[in-house]
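# Chain and residue survey
Below are the chains, spelled out letter by letter.
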Amino acid sequence: MKLQKIVRNSAAGVVLAGLTVSGTMAHADSTGMMTAESDLLNATLWMQTSVEFKANSMAAYKLAEVMLDRALADKSWTAALEQDGDYQGKPPAVILDVDETVLDNSVYEAWLIKARTNYSSKTWMPFVDDAVSTPIAGSKEFIDYARSKGVEIFYVSNRKAPGEEGTRKNLKDYGYYVNDKVDTVLLRGEKEDWGSEKSTRRAHVAKDYRVLLLLGDNLGDFVDIKNADLAERNAILARYQENWSSKWITIANPMYGSWEGAAFGFQWKASDEQKRQLKMNAMKYWAPAE
Ligand SMILES: [Mg+2]
C-alpha cells in the first residue's frame with residue numbers, strides 16, 4: 001500500500017485504495033500490504049524491532065542467573081510443582097519453553113500478517129522444519145551460564161514431535177547447548193501422555209533431576225491451566241506469588257498465548273470478527289465525563 005493512496009475521510013475513518021475502513025475492521029486489498037485488520041501488527045513489530053523487548057528479555061535472563069545461584073545453594077529449592085519425594089540430592093536442571101522463550105518466531109507472525117492468514121499447523125510445521133527462528137535476547141547467555149554451573153538444560157515445547165529435528169537444528173545453529181546423550185528436547189506427543197499440558201513432562205524431568213527454574217512466556221509453562229478463564233488466571237497468579245520472578249521467570253509475549261484465548265473464551269473456531277468483539281468485551285473502558 002502506497003501512502004499516496006490513503007486519503008482521509010472524516011465520516012468513515014480512512015479510505016484505502018477505494019476500500020472504506022470503518023471502525024477497526026479492514027478488508028484485504030489486492031496490492032499486498034494493508035494490515036489494519038491484524039491484531040498482530042504492533043505486537044510483532046515490538047518483538048521484532050524494539051530494543052525495549054530485547055532489554056526486557058535480557059533483564060529476565062539476568063534475573064534467572066541470580067536465581068539459579070540461589071537455587072543451587074539451597075538444596076530444598078525446587079521450581080516444579082510436580083517435584084516430590086527425596087529430590088535434594090538429584091542433579092540440577094532447568095526447564096525452558098522454546099517458542100518466544102528461547103527462539104523468536106516473529107518472522108512467522110509477520111508472515112501471517114502479510115499473508116492475511118491465521119496460525120495453522122499446515123504452515124507452522126514447515127516453518128519449524130525451516131529452522132529459521134532467531135534467539136530471544138539473553139537466552140543463550142543464560143543457558144551457557146547454567147551449563148558452566150553443571151546444570152542440565154531441558155527444552156519443553158508444545159511444538160509437535162515431528163518438529164524435533166528442525167527444532168534441534170535451529171537451536172544448534174545458534175550454538176544453544178543440546179544434550180546428545182539424554183533426550184532433553186521434550187515435544188508434544190512424543191509420548192502418549194505428553195499432551196499440550198506440560199505437567200507430565202515436568203514430572204518426567206523431576207523424576208531424575210532437581211528442577212531449579214522454569215522459564216516461559218505462557219502461564220502453562222509453569223502450571224497446568226487447561227482453559228482457565230481470566231478470573232482463574234488471576235487466581236493462579238496470586239496463588240503462586242512467591243514463585244514469580246524467583247523460581248518462575250517469564251518472557252513477554254504480546255503476539256499470542258493462552259492469555260488471548262482466555263480473553264475470547266477459547267472460542268478458537270469463532271470468526272476473526274467475533275473474536276475481536278469478544279476481546280473488546282473483555283476490556284475495561286474509561287468513561288469520560290460528558
Ligand atoms: Mg512459548
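Residues numbered from 1 in each chain as written. Predicted model: local features only at pLDDT ≥ 70, side-chain atom pairs only at ≥ 80, totals over all residues. Heavy atoms only, no water.

In the nomenclature of an unreviewed UniProt entry, the protein chain is known as Acid phosphatase of Sneathiella chinensis.

Let us now look at the overall build of the protein chain. The number of helices and strands found in the protein chain is 10 helices and 10 strands. Sorting the 290 residues of the protein chain into buried and exposed places 43% on the buried side. Sequence separation of 24 or more characterises 70% of the internal contacts of the protein chain that already satisfy a separation of 6 or more. Counting only carbon and sulfur atoms, one obtains 54% of the accessible surface of the protein chain, whose full area is about 15300 Å². (Helix = DSSP H or I, 4+ residues; strand = E, 2+ residues; numbered from the N terminus. Buried < 20%, exposed > 50% of the residue type's maximum accessible area, 1.4 Å probe, protein only. Contact = heavy atoms within 4.5 Å. Areas by Shrake-Rupley, 256 points an atom, 1.4 Å probe, with all protein chains shown as cover.)

Attention now goes to unusual backbone geometry. One non-glycine residue, Arg116, adopts positive backbone phi at about 50 degrees. Counting through the fold element by element, Arg116 comes out in the loop between α3 (106-115) and α4 (121-130).

Summarising burial for strand β4 (residues 92-96): five of the five residues are buried, a large majority. Where burial is concerned, the two faces of β4 agree: the one with Pro92, Val94 and Leu96 and the one with Ala93 and Ile95 are both buried. Here β4 runs beside strand β9 (residues 210-216); their pairing, made up of five bridges, is parallel. If you follow Val94 over to β9, its bridge partner there is Leu213. (Pairing = 2+ DSSP bridges.)

Here the magnesium ion is held by Asp97 (OD), Asp99 (O) and Asp217 (OD), and the distances to it run 2.0 to 2.1 Å. In the primary structure, the donors to the magnesium ion are separated according to the pattern D-x1-D-x117-D. Of this pair, Asp97 sits in the loop between β4 and β5 (103-104) while Asp217 sits in the loop between β9 and α8 (230-239), placing them 120 residues apart in sequence. Judged by relative accessible area, which is 12%, Asp217 ranks as buried. (Donors = N, O, S within 2.8 Å, 3.2 Å for Na, K, Ca; no water.)

This part covers the environment of Ser106. Tracing the sequence through the fold places Ser106 in helix α3. Expressed as a C-alpha distance, the spacing of Ser106 and Leu45, which sit 61 residues apart in the sequence, is 8.2 Å. Leaving out residues up to four positions away in the same chain, Ser106 has contacts with Thr44, Gln48, Glu100 and Met255.

In this structure, Val94, Leu96, Val102, Phe142, Tyr155 and Leu213 are the most contacted members of the largest nonpolar core, which totals 41 residues. Here this core takes seven residues from helix α2 (residues 51-73), the largest share from any one element. Setting aside chain neighbours within four positions, we find Val94 in contact with Leu68, Phe142, Val151, Glu152, Ile153, Phe154, Leu212 and Leu213. Ala206, Val223, Trp244 and Trp248 belong to the second largest nonpolar core, which has 22 residues in total. (Core = buried A, V, L, I, M, F, W, Y, C linked by side-chain atoms within 4.5 Å.)

So, on to the side chain of Glu260. Considering the arrangement of structural elements, one finds Glu260 in helix α9 (residues 258-263). Ignoring any residue separated from it by four or fewer positions in sequence, one finds Glu260 in contact with Met255 and Lys279.

Should their charged atoms come close, side chains of opposite charge can pair. The final tally for this structure, using the stated rule, is 14 salt bridges. For Asp39, the salt bridge goes to Arg276, with nearest N and O atoms at 2.4 Å. Of the two residues, Asp39 is situated in the loop between β3 (19-21) and α1 (41-49) and Arg276 in helix α10 (residues 272-282); the sequence distance between them amounts to 237 residues. Since its relative accessible area comes to 38%, Asp39 is described here as partly exposed. Take Arg276: its relative accessible area is 19%, and that puts it in the buried class. Among the charged side chains, a salt-bridge network with shared partners connects Asp39, Glu260, Arg276 and Lys279. (Salt bridge = Lys/Arg side-chain N within 4 Å of Asp/Glu carboxyl O.)

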